[in-house]
Amino acid sequence: MVWKLAQSPHATQLWCAPGNAGIGLERLAKNGSAVQCVNIGAEDLPKLLAFAKENRVELTVVGPDNPLAMGIVDLFKKNGLRIWGPNQKAAQFESSKVFSQNFMAKYGIPTAKAGSFSDAAAAKKFAASLGGKCVVKAAGLALGKGVLICQGTAEADKAIDDILVAKKFGAAGADIVIQEFLEGMEISLHAICDGKTAKLFPTSQDHKRAEDGDKGLNTGGMGTYSPTPFLSDAELTRVSNSILKPWLRGCAEEKIDYCGILYPGLMLTKAGPKVLEFNARFGDPETQVYLTRLENDLVELLNASVDGTLDKHVLRWNPAVSVCVVMASGGYPESYPKGKVISGLDEAGKLPDTKVFHAGTARNGDQIVTSGGRVLGVTAWRADLRAARDAAYAAVSRIQFDGAHYRRDIGAKAL
Ligand code: AMP
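Residues numbered from 1 in each chain as written. Predicted model: local features only at pLDDT ≥ 70, side-chain atom pairs only at ≥ 80, totals over all residues. Heavy atoms only, no water.

1. Let's talk about the overall build of the protein chain
Alright, step 1. Across its full length, the protein chain carries 13 helices and 22 strands.
Alright, step 2. In terms of overall size, the protein chain behaves like a compact globule, its C-alpha atoms giving a radius of gyration of 21 Å where 415 residues would be expected to give roughly 22 Å.
Alright, step 3. The buried share of the protein chain, taken over its 415 residues, is 52%.
Alright, step 4. With the model as given, the accessible surface of the protein chain reaches about 17900 Å², and the carbon-plus-sulfur share is 50%.
Alright, step 5. Each charge class in the protein chain was averaged separately, 49 positive and 44 negative side chains, and the resulting centres sit 2 Å apart. (Helix = DSSP H or I, 4+ residues; strand = E, 2+ residues; numbered from the N terminus. Rg over C-alpha atoms; globule rule 2.2 N^0.38 Å. Buried < 20%, exposed > 50% of the residue type's maximum accessible area, 1.4 Å probe, protein only. Areas by Shrake-Rupley, 256 points an atom, 1.4 Å probe, with all protein chains shown as cover. Lys, Arg positive; Asp, Glu negative; His and termini not counted. Charge placed at Lys NZ, Arg CZ, Asp CG, Glu CD.)

Set out below in structure tokens:
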């Protein structure tokens, strides 16, 4: 997002809290000034507010889910500051799976058969009624880890006990949602919203599992590409009508003023597309493939989203296919080492129509080192998927760090 915002002629100064080693290297197109990383955590709302006031920040853009759920938008607005993102009530679409499941039921949005529970016995009864083939989800925010896929009643009972009784995910698991297990192709949708209008992006597909062939543990996402061939334009319009129309009607009725990105995770089942969950922000790594294709000025779009004037904008997309391959630390999504020196970044960064987005990186003197699970989002865009994939993997091959792990099959399903 910082990379795209920095390209805007409207951006004259840009700060990122807390940022990373790559963000600190970005330069503004307008005046060549460097993006400044500010050492404030994304959840330290009082410090973020003080910083925005002191530096007369004209627009604050919220990236991650936690500060939205904590009410950063409400706090900034109360203090007369301009900020982009859903307020606390609207952010419940992501911060409370019980809220969004009830909303979908009330407004007829296609989703999995589901129930919400705080009592383990009632939850087990419902899981048994699904034959145990179900997905047990902590209702609150759990870093994308609070979703347990179960193949039978014994597994489901254990998942229910782990979350509701043993409190494996703490307060995020005070309630659970149990959904029937849906089979099909999973895709991601994004729509930018201003409370009245929702503009749908093209499709993208994430790869959630850690290993090739969709094996291994669920992660935050190991790679993406956009667009996907699994929904035609006509089908995408139908999906928009069946999901976004009732969603907007529901928001109006419930007085939810939704300014931000709505990101539904979708399963394309035999019985049609069904919503698995809603997120209330840009996805990672979906953003990497969307913003490398978006031709609009992002500052203008975000301002229109804040002002309620999105109906006056047409989203324009580069017809190229964009592919992002995530390079992760060895061991991720479980424990992994930090501080591994990363080499080859300059060489990879010089390749045409290629961008190496940093995630968990930090600076250590002259070196750039790993500092998180997902380290880099190596992204390339080309005329077709095969060429974009080859280009992304060619860039990956230039980059080394001890224990680097990445999937070799990003986009393979679409080939
Ligand atoms: P969520 O955070 O709710 O999207 O769940 C994380 C991942 O679990 C999703 O991206 C899917 O791959 C999988 N998943 C979630 N719900 C279901 C479901 N009802 N049926 C099948 N897979 C699911």
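2. A short note on the state of the cysteines
Alright, step 1. Counting across every chain of the model gives zero disulfides.
Alright, step 2. Its sulfur unpaired, Cys193 is 7.7 Å from the next cysteine sulfur, which belongs to Cys251.
Alright, step 3. Left without a disulfide partner, Cys259 is nearest to the cysteine sulfur of Cys193, which lies 8.8 Å away. (Disulfide = S-S within 2.5 Å.)

3. Re the site of the ligand
Alright, step 1. Lining the immediate surroundings of the ligand are 15 residues, of which Lys137, Glu180, Leu182, Glu186 and Glu277 lie closest.
Alright, step 2. Glu180 is positioned with one of its backbone polar atoms (N or O) 2.9 Å from a nitrogen atom of the ligand.
Alright, step 3. Within the side chain of Glu277, an N or O atom sits 2.7 Å from an oxygen atom of the ligand.
Alright, step 4. Within the complex, the protein chains bury 92% of what would otherwise be the 470 Å² of accessible surface of the ligand.
Alright, step 5. Classifying every residue of the shell around the ligand by side-chain character gives seven nonpolar, two polar and six charged. (Near = heavy atom within 4 Å. Polar contact = N/O pair within 3.5 Å; in protein donor to acceptor, adjacent residues only side chain to side chain. Nonpolar A, V, L, I, M, F, W, Y, C, P; charged D, E, K, R; others polar.)

4. Looking at helix α7 (residues 120-129)
Alright, step 1. For α7, the set of buried residues is Ala120, Ala123, Phe126 and Ala127. The buried residues of α7 all sit within an arc of 125° when viewed along its axis, so they share a single face. Exposed positions of α7 whose direction lies more than 90 degrees from the buried face are Ala121, Lys125 and Ser129.
Alright, step 2. Looking one or two places after α7, you find Gly131, whose phi comes out positive at around 75°. (Arc of directions from axis to C-beta.)

5. Thoughts on the pairing of strand β19 (residues 354-358)
Alright, step 1. Most of β19 is tucked away, with five of its five residues classed as buried.
Alright, step 2. Judged by which residues are buried, β19 turns out to be covered on both faces: Thr354, Val356 and His358 on one side and Lys355 and Phe357 on the other are all buried.
Alright, step 3. Of the pairings in the sheet, the one linking β19 to strand β22 (residues 374-382) comprises five bridges and is antiparallel in character. Bridge pairing links Val356 to Val378 in β22. (Pairing = 2+ DSSP bridges.)

6. Observations regarding the packing of α7 against helix α8 (residues 153-165)
Angle between the axes and distance between the axes: these two values describe a pair of packed helices.
Alright, step 1. Two elements in contact, α7 and α8, have axes separated by 10 Å at closest approach and are oriented at 155°. On the basis of their axis angle, the class for α7 and α8 is roughly antiparallel. For the pair α7 and α8, the crossing hand works out as right-handed. For the pair α7 and α8, the contacting residues are Ala120, Ala123, Lys124, Ala127 and Ala128 in the first and Thr153, Ala156, Asp157, Ile160, Asp161, Leu164 and Val165 in the second.
Alright, step 2. Looking at the contact of α7 with α8 residue by residue, the class counts come to eight nonpolar, one polar and three charged. (Axes fitted to C-alpha atoms, helices over the stretch in contact; angles between N-to-C directions. Parallel < 35°, antiparallel > 145°, perpendicular 65-115°, else oblique. Left-handed = near helix turned anticlockwise from the far one by under 90°. Contact = heavy atoms within 4.5 Å.)

7. A word on empty space enclosed by the protein
Alright, step 1. Tallied over the full model, the rule gives one cavity of 30 Å³ or more.
Alright, step 2. Counted as a void, the largest cavity has a volume near 40 Å³.
Alright, step 3. If you go around the largest cavity, the residues you meet are Asp284, Pro285, Gln288, Val326, Ala359, Arg374, Val375, Leu376 and Gly377.
Alright, step 4. Counting residues per element, the lining of the largest cavity draws most heavily on β22, at four residues.
Alright, step 5. When its residues are assigned to classes, the lining of the largest cavity shows five nonpolar, two polar and two charged. (1 Å grid on protein atoms, 1.4 Å probe; cavity = no way out; pocket = protein on both sides within 12 Å on 5 of 7 lines; lining within 4 Å. Points joined across faces, edges and corners; volume = space filled by probe spheres on them.)

8. A word on the sheet that holds strand β5 (residues 114-117)
Alright, step 1. In spatial order, the strands read β5-β8-β6-β7; together these four strands make up an open sheet with antiparallel pairing. Each of the sheet's edge strands pairs with one partner strand only, and the pair in question is β5 and β7 (147-150). Strand-to-strand twist across the sheet, computed as the mean angle between neighbouring axes with direction ignored, equals 20°.
Alright, step 2. In the sheet, strand β6 (residues 134-138) pairs with strand β8 (residues 176-180) via five bridges, with the strands oriented antiparallel. Of the residues in β8, the one forming a bridge with Ala138 is Ile176.
Alright, step 3. Those strands touched by α7 are β5, β6 and β8, and its axis lies near 165° from that of β5.
Alright, step 4. Each of β5, β6, β7 and β8 is contacted by α8, which is oriented at about 5° to β6, the strand it contacts most.

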